[in-house]
Amino acid sequence: MRLRVDQSWFTRVVFSDVALAFVLSYLVGFERELRGSAAGDRTYALVGTGAAAITTVAVSSSPQAIAGIVTGIGFIGAGLVVRGGQGMLRGMTSAATIFAVAAIGIVAGYGREWLAIGVTALVLVDLELRHLPVLRYLDARRYARDDDDMMK
């Protein structure tokens, strides 16, 4: 005979972790959509939400599932990276951001809400460095010199 346990409290807590991952991932995706990224708000929200859902289910029974999430994200990130003309890589920031959003989902799925919020804030600051007037001075490209300039 199985004991019947009221899991409504647990379900609400777990769902709130997944919902938080959705909101945070969507915010990052919204920023990428504004900047014309190949992947936008829906893609980022799906990645973060999926990572959180898998983490909440597998954290107690199979912690190795996190490794599966990271491996799967590697494939998605590889699909975002495209070689442009003259051997230039495009999409590296999108691939790195997809990885960061998966990490946000994993952290939120573990129930570490404040850490997930803090990581999201750091990711958004990093993505906005070039676009905010005050933070623009922290962009290294502003100070980089071309090799041809050094020869003069």
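See the structure printed just above.
Because the structure is predicted, anything quoted here is derived from the model rather than measured.

A.B. asks: Tell me about the nonpolar core, residues and numbers included.
C.D. replies: Ranked by internal contacts, the top residues of the largest apolar core, which has 25 residues, are Val-28, Tyr-44, Val-47, Ile-73, Ile-98, Ala-116 and Val-123. The biggest single contributor to this core is helix α4 (residues 92-109), with 8 residues. Discounting chain neighbours no more than four positions away, the residues touching Tyr-44 are Ser-25, Val-28, Gly-29, Arg-32, Ser-37, Ala-39, Ser-94, Thr-97, Ile-98 and Val-101.

A.B. asks: Help me get a handle on the packing of aromatic side chains, residues and values and all.
C.D. replies: Here the structure, examined in full by the defined rule, presents 2 aromatic pairs. Taking the centre distance of 6.5 Å and the plane angle of 25° together, the rings of Tyr-26 and Phe-30 count as stacked. With a gap of 4 residues between them, Tyr-26 and Phe-30 both fall in helix α1 (residues 8-34), about one helical turn apart. For Tyr-26, a relative accessible area of 31% gives the class partly exposed. On the basis of relative accessibility, which here comes to 40%, the residue Phe-30 falls in the partly exposed class. These aromatic residues form a ring-pair network of at least three members: Phe-22, Tyr-26 and Phe-30.

A.B. asks: An account of α4 is requested, with residue identities and associated values reported.
C.D. replies: Helix length check: α4, at 18 residues, gives a terminal C-alpha distance of 26 Å against a target of 26 Å (1.5 Å per residue), a fit within 8%. Just past α4, the residue Gly-111 takes up positive phi, approximately 90°.

A.B. asks: I'd love a proper account of a nonpolar patch on the surface, names of residues and values included.
C.D. replies: Among the surface-exposed residues, Phe-22, Val-23, Tyr-26, Leu-27, Phe-30 and Leu-34 lie close enough to one another that they form a single nonpolar patch of about 550 Å² accessible area. Position of Leu-27 among the secondary structure elements: in helix α1. For Leu-27, a relative accessible area of 41% gives the class partly exposed.

Each value, and the rule that gives it
- Residues numbered from 1 in each chain as written.
- Predicted model: local features only at pLDDT ≥ 70, side-chain atom pairs only at ≥ 80, totals over all residues.
- Heavy atoms only, no water.
- Core = buried A, V, L, I, M, F, W, Y, C linked by side-chain atoms within 4.5 Å.
- Buried < 20%, exposed > 50% of the residue type's maximum accessible area, 1.4 Å probe, protein only.
- Helix = DSSP H or I, 4+ residues; strand = E, 2+ residues; numbered from the N terminus.
- Contact = heavy atoms within 4.5 Å.
- Phe/Tyr/Trp six-rings, centres within 6.5 Å; stacked < 30°, edge-to-face > 60°.
- Expected span 1.5 Å × (residues − 1).
- Patch = residues over 30% accessible without salt bridge, like charges linked within 9 Å, V, L, I, M, F, W, Y side chains within 5 Å.
- Areas by Shrake-Rupley, 256 points an atom, 1.4 Å probe, with all protein chains shown as cover.
- Salt bridge = Lys/Arg side-chain N within 4 Å of Asp/Glu carboxyl O.

Purely spatial values, then, with no claim about function.
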